[in-house]
Amino acid sequence: MNLSLLAGNAALKGQLEAQTARRGLSHAYILSGPAGAGKRTLSRVLAAAFVCRGQGDKPCLSCPDCRKAMGGIHPDISVIGDDGKDINVAQVRALRSDAYVRPNEAGRKVYILENAQTMNASAQNAMLKLLEEGPPYAAFLLLTDNAAALLQTVRSRCEVVTLSPVTQAEAEAWLSRRYPDKSREAIVGAAQRCEGLLGRAVAELEGSSGGESQARAAAPELIARLSAGDELALMEFCISLEKWDRDSLSDLFSEGVLLLRHALVLRTGGDCGEADPDRRAAAAKAAQALSPKALLVAVDVLEQLRASCAFNVGAGHLAGWLCAALGHCRG
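Since the structure is predicted, the reported quantities are computational estimates derived from the model, not experimental observations.

**Some points on the overall build of the protein chain**
Helices and strands together make up the secondary structure of the protein chain, namely 15 helices and 5 strands. Here the C-alpha radius of gyration of the protein chain, 22 Å, is about what a compact globule of 331 residues would show, namely 20 Å. By principal-axis analysis of the C-alpha atoms, the protein chain measures approximately 60 × 45 × 30 Å. Of all 331 residues assigned to the protein chain, the portion counted as buried reaches 49%. Within the protein chain, contacts between residues separated by at least 24 positions form 72% of all contacts whose residues are at least 6 apart in sequence. For the protein chain, the accessible area works out to roughly 15,000 Å², and carbon and sulfur atoms hold 51% of it. For the protein chain, the centre of its 37 positive side-chain charges and the centre of its 37 negative side-chain charges are spaced 5 Å apart.

If you want it as structure tokens, here you go:
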């Protein structure tokens, strides 16, 4: 199988190549991994493989079906849940009706469900019936930050594929190929800050104005208020997060984790490699004000909050949790 477009993930590639060589593609996959890990890239590659009509390893990436699939314009590939909203039972039922209409051009129809963890129990049960009784030409790719958020009955009908962060060297090599016009300094900086999640590096290098930029600007302030030990200031900051969406909050928690890890490196006398002066200043202040134990506790808090963003937890609850937990991190 041709997985050259996916960076890193050698173990995953070996798993898929062995499976497809032995018995071909499965009819359903759960692609699991943190935001920016490459789930969308892998879903496009798998979707292209399903509709590919070329010779040799699939996807060939050169036949008309592959080119349409990679360009996002193939009539037999549908994407559900890419609007950021929860996937409801009505959408799954509509998908099920469409699945019984034969393909337009290719031999298969492929359905990509982004943020599959947002399906409630009714939507997942409707999806389960389709996974069990759908037509043989239909294939399903469920993308999720957390496979455990899906019902066990749904997981048992799918091949679960877990994507992992890439190494910094792999990130630099991939980013250099994708952005040959970017400076070496910009490439290395983005690779260092993305924590192995290339989607974050892409957003940084392309100047994304969405939640990631908002989070990157806010994270130094969060760490600065934590370092200052002013509980009222920290509370005011957390209250301001109540209107953020879950994706933006997830980005904020990721940025906070990165800055706290920088602080741990600085506290041991090392160089965190952070070029941005505001981010480096926030990390340095945390390193001076917080003990290693407090830094590790704060990292654990933010990682738990980041994981919770994959579930249907309201921003107000997450902000309250953040305030209460970080208020006890100093020491």
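**Quick look at a nonpolar patch on the surface**
The grouping of Leu-232, Met-235 and Ile-239 at the surface amounts to a nonpolar patch, some 290 Å² of accessible area in total. Along the chain, Met-235 turns up in helix H11 (residues 231-239).

**Things to note about unusual backbone geometry**
A cis amide bond links Lys-58 to the next residue, Pro-59, at an omega of 0°. One non-glycine residue, Asn-9, adopts positive backbone phi at about 55°. By the element assignment, Asn-9 lies in the segment before helix H1 (10-23). Looking at Asn-9, the relative accessible area reads 9%, which means it is buried. One non-glycine residue with positive phi stands out, namely Leu-61, at about 70°. Looking at the secondary structure, you find Leu-61 in the loop between helix H2 (39-51) and helix H3 (64-71).

**Quick word on the domain arrangement of the protein chain**
We note that the domain assignment places domain 1 (10-162), domain 2 (168-206) and domain 3 (214-328) within the protein chain. Spacing between the C-alpha centres of domain 2 and domain 3 amounts to 23 Å. Counting residues at the interface gives 5 residues for domain 2, matched by 11 residues for domain 3. With both chains or domains summed, domain 2 and domain 3 bury close to 650 Å², and 36% of this area falls on carbon and sulfur atoms.

How each quantity is defined
- Residues numbered from 1 in each chain as written.
- Predicted model: local features only at pLDDT ≥ 70, side-chain atom pairs only at ≥ 80, totals over all residues.
- Heavy atoms only, no water.
- Helix = DSSP H or I, 4+ residues; strand = E, 2+ residues; numbered from the N terminus.
- Rg over C-alpha atoms; globule rule 2.2 N^0.38 Å.
- Buried < 20%, exposed > 50% of the residue type's maximum accessible area, 1.4 Å probe, protein only.
- Contact = heavy atoms within 4.5 Å.
- Areas by Shrake-Rupley, 256 points an atom, 1.4 Å probe, with all protein chains shown as cover.
- Lys, Arg positive; Asp, Glu negative; His and termini not counted.
- Charge placed at Lys NZ, Arg CZ, Asp CG, Glu CD.
- Patch = residues over 30% accessible without salt bridge, like charges linked within 9 Å, V, L, I, M, F, W, Y side chains within 5 Å.
- Salt bridge = Lys/Arg side-chain N within 4 Å of Asp/Glu carboxyl O.
- Domains from an automatic or database assignment.
- Buried area = accessible area lost by both parts, 1.4 Å probe.

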